[in-house]
Amino acid sequence: MGAVKQIDAAQIIALPANHVWFDDAQAAAYLSYAPTYFQNKIICLPDFPKPRKVGGHGRRWNAQELSDWINVQCDNPDGRPRKRG
C-alpha cells in the first residue's frame, strides 16, 4: 500500500506506506472514523499504534502502522456474536 503525492502539475511520486504520516484528521479519515470518535475512542485503545511527535507540527500517525492495526482488527473481531433465529 502506498500513497501518491503530487508535487506539481507535472510530477507525481508514489510513497510506500511506511513513509506516509497523517495528522489526527487524516488518520481518522484513513480508518473511516469520525474525527471525534477517533480522538475519544480509538487512540486510547491499548493496542492502537502510538503517534510520533514531529517538530512543531504535533503528533503524526504512520500509515503502515495504522494499516497493520486495522488488519489485525479484521482478523480478530471482538464483540458480542449476533443473535440468530
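For clarity, every value in this text was computed on a predicted model and none was experimentally measured.

J.: Even after reading the chapter, I still don't get the overall build of the protein chain, so can you show me in this structure?
T.: For the protein chain, the helix and strand inventory stands at 3 helices and 5 strands. For the protein chain, the succession of helices and strands along the chain, N to C, is β-β-β-α-α-β-β-α. Within the protein chain, residue pairs in contact and separated by at least 24 positions form 43% of the contacts whose partners lie at least 6 positions apart. When the accessible surface of the protein chain is totalled, it reaches about 6500 Å², and 53% of it is carbon and sulfur.

J.: Hey, could you run me through helix H3 (residues 63–75) in this one?
T.: Since one α-helical turn is 3.6 residues long, residues separated by three or four positions face the same way. Between its first and last C-alpha, H3 extends 18 Å over 13 residues, near the 18 Å set by a 1.5 Å rise per residue. Among the residues of H3, those classed as buried are Ala63, Leu66, Ser67 and Trp69. Taken end-on, H3 shows its buried residues confined to a sector of 165°, consistent with a single buried face. Contact partners of the buried residues in H3: strand E3 (21–22), helix H1 (24–30), helix H2 (35–42) and strand E5 (59–62). Two or three places before glutamine 64, at the opening of H3, asparagine 62 has a side-chain oxygen 3.0 Å from that residue's backbone nitrogen.

J.: Help me understand the environment of tryptophan 21, please; the structure alone is not making it clear to me.
T.: By secondary structure assignment, the location of tryptophan 21 is in strand E3. Between the C-alpha atoms of tryptophan 21 and proline 51, which are 30 residues apart in sequence, the distance is 9.6 Å. Excluding residues within four positions of it along the chain, tryptophan 21 makes contact with Gln26, Arg52, Arg60, Trp61 and Asn62.

J.: For this particular structure, what's the right way to read the pairing of E5?
T.: Consecutive residues of a regular strand have side chains that alternate between opposite faces of the sheet. Sheet topology places E3 next to E5; 2 bridges connect them, and they run antiparallel. Residue pairing for E5: phenylalanine 22 is matched across the bridge by tryptophan 61. Sheet analysis places strand E4 (residues 52–53) next to E5, joined by 2 bridges and oriented antiparallel. Of the residues in E5, the one forming a bridge with arginine 52 is arginine 60.

J.: Is there a simple way to think about the sheet that holds E3 in this case?
T.: Note: strands within a sheet are paired through backbone hydrogen bonds, in either parallel or antiparallel orientation. The strand order across the open sheet formed by 3 strands is E3-E5-E4, and the pairing between neighbours is antiparallel. The two strands at the open ends of the sheet, each matched to only one other strand, are E3 and E4. On the sheet, H3 packs against E3, E4 and E5 and is oriented at approximately 60° with respect to E5.

J.: Honestly, the nonpolar core in this entry has me stumped. Any pointers?
T.: Note that soluble globular proteins tend to have their nonpolar side chains buried in a common cluster. Membership of the largest hydrophobic core comes to 14 residues, with the highest contact counts inside it found for Phe22, Ala27, Leu31, Phe38, Phe48, Trp61 and Leu66. Broken down by secondary-structure element, the contributors of at least two residues to this core are H1, H2 and H3. The element that contributes the greatest number of residues to this core is H3, accounting for 3 residues.

Rules used throughout
Residue numbers run consecutively from 1 along every chain, following the written order of its sequence. Confidence filtering applies because this is a predicted model: local features only for residues at pLDDT of at least 70, side-chain atom pairs given and counted only at 80 or more, and all residues used for totals across whole chains, interfaces and linings. The basis for the side-chain values is all heavy atoms of the structure; hydrogens and waters are excluded. Only DSSP runs of H or I covering at least 4 residues are called helices, and only runs of E covering at least 2 are called strands; the numbering of each starts at the N terminus. Here, residues are in contact when the closest pair of their heavy atoms is within 4.5 Å. Note on areas: Shrake-Rupley, 1.4 Å probe, and residue coverage restricted to the protein chains presented here. Expected span of a helix: the number of residues minus one, times 1.5 Å. To sort residues, take the accessible area from a 1.4 Å probe on protein chains only and compare it with the maximum for the residue type: under 20% means buried, over 50% means exposed, and anything in between is partly exposed. The directions from the helix axis to the C-beta atoms form the arc being described. In protein, a polar contact means a hydrogen-donor-capable atom and an acceptor-capable atom, both N or O and within 3.5 Å, with residues adjacent in sequence counting only if both atoms are side-chain atoms; elsewhere, any N or O pair within 3.5 Å suffices. Being paired, for any two strands, means DSSP has found at least two bridges between them. Where helices are involved, their axes are fitted lines through C-alpha atoms of the stretch in contact, as for all axes, and angles between N-to-C directions lie from 0 to 180°. Only buried residues count toward a nonpolar core. Its members are Ala, Val, Leu, Ile, Met, Phe, Trp, Tyr and Cys residues joined through side-chain atoms within 4.5 Å.

Geometric descriptors of this kind do not, in isolation, establish any biological role.
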